[in-house]
Amino acid sequence: MFMENQSDLRARTLMEALPYIRRFAGQTIVVKYGGHAMVDEELKESFALNLILLRTVGIYPVVVHGGGPQIGNLLKRLDIESEFVDGMRVTSPEVMDVVKMVLIGEVNTSIVAMLNQHGGNAVGLSGHSAGLVQAEKLKLTKRVKDGQPPEIVDLGLVGKPMTVNPQVLQTLEHGKFIPVIAPVGQGPDGESLNINADLVASALASGLRAQKLVLLTDTPGVMGDKQNLISEMTKVQARELMDKQTVTGGMIPKLNCCLDALDHGVASAHIIDGRAKNALLLELFTDQGVGTILKG
Ligand SMILES: Nc1ncnc2c1ncn2[C@@H]1O[C@H](COP(=O)(O)OP(=O)(O)OP(=O)(O)O)[C@@H](O)[C@H]1O
Ligand SMILES: [Mg+2]
C-alpha cells in the first residue's frame, strides 16, 4: 500500500467536509460559547474564524455566549460573593448589575469585535433586543431525598425563557450578519433577568427550528462514571446520568437543554470541548466528531 502524501491528506480532509456542507447549507446552527471555553485570545480567534467559515459556505450560525468565570472575576474584585445552586448563579439586584456589565458590556463586545476584525459582520444583541427573549423568574425545584417533597429554591433575578421572538435573527440572517447574543432576558415588567446561556441557546434553537444546537464548554464532552468520554447518548441515558448524579453542576442545565431542543424538533445536540482549536468545524464537518452527540 502506498503512503498518502501531505497534499492528498489535506485534499481528503477538505473533501470529507463536502457532504456536510451540502447538508447544512441554508440551515441554522445555534452555537453556545461557554464562558469557561474562552480561555485565551488564540482560541477566541479560532472560534471566530470557524463561525466565519460556516457563514461563508451558506450556514447560518447564531451565537449565544456565557460568561460565568468573567462574572465571577468582577464580583470577586468588587468583594461580592458568588453562590450557585445546580449550576445556576443566585442573582441579587447588585449581582444583576455586574452580570449585565460583564455579559453585555465586556464579553459580548469582545466576541463581536473579534468576529468583525476578521470580516464577520457580527451584531451584538441581548434578550432585550426587539423582544428576543421574554423571560420569567425561574423557580428551581431541588430533589432533597427520596419520598420527600422537592424544595423550591429562589435564585433571585434568574430567569427562564418563556417566549422567543426570533424575527430580528431572521432579518439578520438575510443580511448575512452573525448575531451574537448575551443571555439576559426581559422580565414581565421590563426588568433584566439573568438566564443560563444554555437555556437561551436551547430556546432559540427551538424557536428558529435550528438543525443543530452546539454547546462549547470546558470538558471533552459528557464524561461517564470512569471519566470516560461518552461520544453518543440517547435521551434515556442522559436522564439516567442526571439521576445517578454522574452529571452535576453546570452540566445539568446543559443536558436538560439538549433534551428540550430535541423535543422541539432540533435534529441533534452536541456538547464539545471549546478549549480545543477548531472544535466547532471538526464536530460539524468530519465523520468522527469530537464531543458528545445526542440525537432526536
Ligand atoms: N459528567 C460530567 N461531564 C462533564 N462535565 C461535567 C459533568 N458533571 C459536571 N460537569 C461540570 O460541568 C462543567 C461545565 O459547565 P459550566 O457551567 O461550568 O461551563 P459552561 O456552561 O461551558 O460556561 P458558562 O456557564 O460560563 O456559560 C464542567 O466544567 C464540569 O465541571
Ligand atoms: Mg454553564
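Quick caveat: nothing in here was measured; it's all calculated off a predicted structure.

What counts, and at which threshold
- Residues numbered from 1 in each chain as written.
- Chains lettered and ligands numbered in written order.
- Predicted model: local features only at pLDDT ≥ 70, side-chain atom pairs only at ≥ 80, totals over all residues.
- Heavy atoms only, no water.
- Core = buried A, V, L, I, M, F, W, Y, C linked by side-chain atoms within 4.5 Å.
- Buried < 20%, exposed > 50% of the residue type's maximum accessible area, 1.4 Å probe, protein only.
- Helix = DSSP H or I, 4+ residues; strand = E, 2+ residues; numbered from the N terminus.
- Contact = heavy atoms within 4.5 Å.
- Pairing = 2+ DSSP bridges.
- Near = heavy atom within 4 Å.
- Polar contact = N/O pair within 3.5 Å; in protein donor to acceptor, adjacent residues only side chain to side chain.
- Areas by Shrake-Rupley, 256 points an atom, 1.4 Å probe, with all protein chains shown as cover.
- Nonpolar A, V, L, I, M, F, W, Y, C, P; charged D, E, K, R; others polar.
- Axes fitted to C-alpha atoms, helices over the stretch in contact; angles between N-to-C directions.
- UniProt positions renumbered as here; feature names shortened; annotations may be inferred.
- Phe/Tyr/Trp six-rings, centres within 6.5 Å; stacked < 30°, edge-to-face > 60°.

1. Digging into the nonpolar core
Within the largest apolar cluster, 48 residues are counted, with the highest numbers of intra-cluster contacts made by Val30, Leu213, Val222, Leu255 and Leu294. Broken down by element, this core gets its largest block of residues, eight residues, from helix α8 (residues 251-263). Excluding its chain neighbours within four sequence positions, the residues that come into contact with Leu294 are Met233, Thr234, Ala238, Leu255, Cys258, Leu259, Leu262, Ala267, Ser268 and Ala269. One finds Met38, Val63, Met96 and Val99 within the second-largest nonpolar core, a separate group that totals 43 residues.

2. A few points about the pairing of strand β11 (residues 212-217)
A large share of β11 lies buried, amounting to six of its six residues. Here β11 shows a buried face lined by Lys212, Val214 and Leu216 and a second buried face lined by Leu213, Leu215 and Thr217. Inspection of the sheet shows strand β1 (residues 28-33) paired to β11 by five bridges, in the parallel sense. Bridge assignment links Val30 to a residue of β11, and that residue is Leu213. With six bridges connecting them, β11 and strand β13 (residues 268-273) associate as parallel partners. Note on β13: the bridge partner recorded for Leu216 is Ile272.

3. With respect to the site of ligand 1
In the vicinity of ligand 1 there are 21 residues, among which Lys32, His36, Thr217, Asp218 and Lys254 approach most closely. At 2.8 Å from an oxygen atom of ligand 1 is found a side-chain nitrogen or oxygen belonging to His36. Contacts to ligand 1 include Gly68, whose backbone N or O atom sits 2.8 Å from an oxygen atom. Across the complex, the protein chains shield 80% of the 640 Å² of accessible surface that ligand 1 would expose by itself. Secondary-structure elements contributing two or more residues to the shell around ligand 1 are α3 (68-77), β11 and α8. Per-class residue counts for the shell around ligand 1 are six nonpolar, twelve polar and three charged.

4. So, the sheet that holds β11
With mixed pairing, eight strands are arranged side by side in an open sheet as β5-β8-β2-β1-β11-β13-β14-β12. A single partner strand is all that each edge strand has here, and the edge strands are β5 (122-126) and β12 (232-233). Note that β1 and strand β2 (residues 60-65) share six bridges and pair parallel. When the bridges of β2 are listed, Lys32 appears paired with Val64. Along the sheet face, helix α2 (residues 41-56) touches β1, β2, β8 (178-182) and β11 and points at about 150° away from the line of β2.

5. Some details on the pairing of β1
Of all six residues that make up β1, six are buried, and the element is covered over most of its length. Residues Thr28, Val30 and Lys32 of β1 are buried on one face, and the alternating residues Ile29, Val31 and Tyr33, pointing to the opposite face, are buried as well.

6. Describing the UniProt feature "domain: Aspartate/glutamate/uridylate kinase" (unreviewed entry) in the chain
As annotated by UniProt and renumbered to match this structure, "domain: Aspartate/glutamate/uridylate kinase" (unreviewed entry) occupies residues 28-273. Structurally, residues 28-273 is divided into 37% helix and 28% strand, and its ends, taken at the C-alpha atoms, are 21 Å apart.

7. Considerations on the packing of aromatic side chains
Evaluation of the coordinates by the stated rule reveals two aromatic pairs. Pairing Tyr20 with Phe24 gives two aromatic rings, centres 6.3 Å apart and planes at 40°, and the pair type is tilted. Of this pair, Tyr20 and Phe24 both sit in helix α1 (residues 6-24), separated by four residues, roughly a single helical turn. The two residues Tyr20 and Phe24 agree in class, both being buried. Residues Tyr33 and Phe47 carry aromatic rings whose centres are separated by 3.8 Å and whose planes lie at 15° to one another, so their mutual orientation is stacked. Of the two residues, Tyr33 is situated in strand β1 and Phe47 in helix α2; the sequence distance between them amounts to 14 residues.

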